[in-house]
Amino acid sequence: MARDVLELPLDVTATRPILEHIANKWTVLILSVLCTQPARFNDLKRRLDGITHKALSEALKRLERNGLVSRKVLPTQPIGVEYAITDLGCSLREPFAALYNWSLANGPAMERAQRAYDTSRGEGEEEEEEV
């Protein structure tokens, strides 16, 4: 990694709490969906294959609390809720797009590395690491 990209020493104390909120799979995927247009809860759930109702609800509350998503109650019957990305959330669009594109480009290489690692370790055998 180039020195001008990531300066060391890292300020883990300052960055860890922030990264814990934005660097999980559901946050990245939810914000990526909302970058294109606001969405209602069930639409988000359909578009995020594999997310549970509880996980989506908790993630949306966390994102709203952190100022990355806004929540608007719609005057419909039954009452609906629409979620939209905020300007702060939109500021993550470029880094998330880079991460998404990196995952598409490098996913196969990671899968090959995982298979090679598993094969070299006897697939499933737990090896104790020194502490």
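Remember, predicted model here, so these are calculated numbers, not experimental data. Just so you know, the residues in each chain are numbered from 1, in the order the chain's sequence is written. Reporting of local features is limited, given that this is a predicted model, to residues whose pLDDT is at least 70; pairs of side-chain atoms are given and counted only at 80 or more, and all residues count toward the totals for whole chains, interfaces and linings. Side-chain measures here rest on the full set of heavy atoms in the structure, leaving out hydrogens and waters.

One bridge is not enough; two strands pair if DSSP finds at least two bridges between them. By definition, any uninterrupted DSSP run of H or I lasting at least four residues is a helix, any uninterrupted run of E lasting at least two residues is a strand, and each is numbered from the N terminus. Reading across from one edge, E1-E3-E2 is the order of the three strands in this open sheet, with antiparallel pairing throughout. Each edge of the sheet is formed by a strand with only one pairing partner; in this case those strands are strand E1 (39-40) and strand E2 (69-74). When E1 meets strand E3 (residues 80-85), the two strands line up antiparallel, connected through two bridges. Each residue of the ladder has a partner; that of Arg40, found in E3, is Glu82. Running at roughly 95 degrees to E3, helix H2 (residues 25-36) makes contact with E1, E2 and E3 of the sheet. Working rule for contacts: check all heavy atoms of both residues, and any pair within 4.5 Å makes them a contact. Note on method: axes are straight lines fitted to C-alpha atoms, helices fitted across the in-contact stretch only, with angles between N-to-C directions ranging 0 to 180 degrees.

What follows covers the packing of H2 against helix H4 (residues 53-65). In contact at an axis separation of 10 Å, H2 and H4 are set at 75 degrees when each is read in the N-to-C sense. When the axes of H2 and H4 are compared, the pair comes out roughly perpendicular. Between H2, through Trp26, Thr27, Ile30 and Leu31, and H4, the contact on the second element is made entirely by Ala55, Leu56, Ala59, Leu60, Arg62 and Leu63. Polar here means any residue other than Ala, Val, Leu, Ile, Met, Phe, Trp, Tyr, Cys and Pro, which are nonpolar, and Asp, Glu, Lys and Arg, which are charged; Gly is therefore polar. Of the residues belonging to the contact of H2 with H4, the class tally is eight nonpolar, one polar and one charged. Roughly parallel here means an angle under 35 degrees, roughly antiparallel means over 145, roughly perpendicular means 65 to 115, and every remaining angle is called oblique.

Right, let's talk about the nonpolar core for a bit. Side-chain atoms within 4.5 Å link the members of a nonpolar core, which is a set of buried Ala, Val, Leu, Ile, Met, Phe, Trp, Tyr and Cys residues. Type-normalised accessible area, obtained with a 1.4 Å probe on protein chains alone, sets the label of each residue: buried when under 20%, exposed when over 50%, and partly exposed for intermediate values. Counting residues in hydrophobic clusters, the biggest one holds 24 residues, and the most contacted among them are Ile30, Leu31, Leu34, Leu44, Leu56 and Tyr83. Taken together, the elements giving at least two residues each to this core come down to H2, helix H3 (41-47), H4 and E3. It is H2 that provides the largest number of residues to this core, a total of seven residues. Filtering out sequence-adjacent residues up to four positions away, Leu44 remains in contact with Val33, Leu34, Ala39, Leu56, Leu60 and Tyr83.

A few words now on unusual backbone geometry. Here Gln77 and Pro78 are connected by a cis peptide whose omega angle stands at -5 degrees. Of note, Pro78 is situated in the loop between E2 and E3.

Moving on to the layout of surface pockets. A cavity, in this analysis, means grid points on a 1 Å lattice covering only the protein atoms where a 1.4 Å probe fits yet has no way out; a pocket is instead an open set bounded by protein on both sides within 12 Å along at least five of seven lines, and a residue lines either one if it has an atom within 4 Å of a point. Grid points are joined across faces, edges and corners, and a volume is the space filled by probe spheres set on the points. There is about 200 Å³ of room inside the largest pocket. Taken together, Arg40, Phe41, Asn42, Ser57, Leu60, Lys61, Glu64, Arg71, Gly80, Val81 and Tyr83 make up the lining of the largest pocket. Considering every element that reaches the lining of the largest pocket, the biggest residue donor is H4, with four residues. Taken together, the residues of the lining of the largest pocket break down into four nonpolar, three polar and four charged.

Turning to the pairing of E2, a few remarks are in order. By the bridge criterion, six bridges tie E2 to E3 in an arrangement that is antiparallel. Note on E3: the bridge partner recorded for Leu74 is Gly80. Counting the residues in the hairpin turn of E2 and E3 gives five residues.

Mapping Thr27 onto the fold places it in helix H2. Under the relative-accessibility criterion, Thr27 is labelled buried at 0%. Only 3.3 Å separates the side chain of Thr27 from the backbone oxygen of His21, close enough to count as a polar contact. Apart from residues lying up to four places away in sequence, Thr27 is in contact with His21, Ile22, Arg62, Leu63 and Phe96. In the analysis that follows, any N or O atom pair within 3.5 Å is treated as a polar contact, provided that within protein one partner can donate a hydrogen and the other can accept it, and provided that, for residues neighboring in sequence, both atoms belong to side chains.

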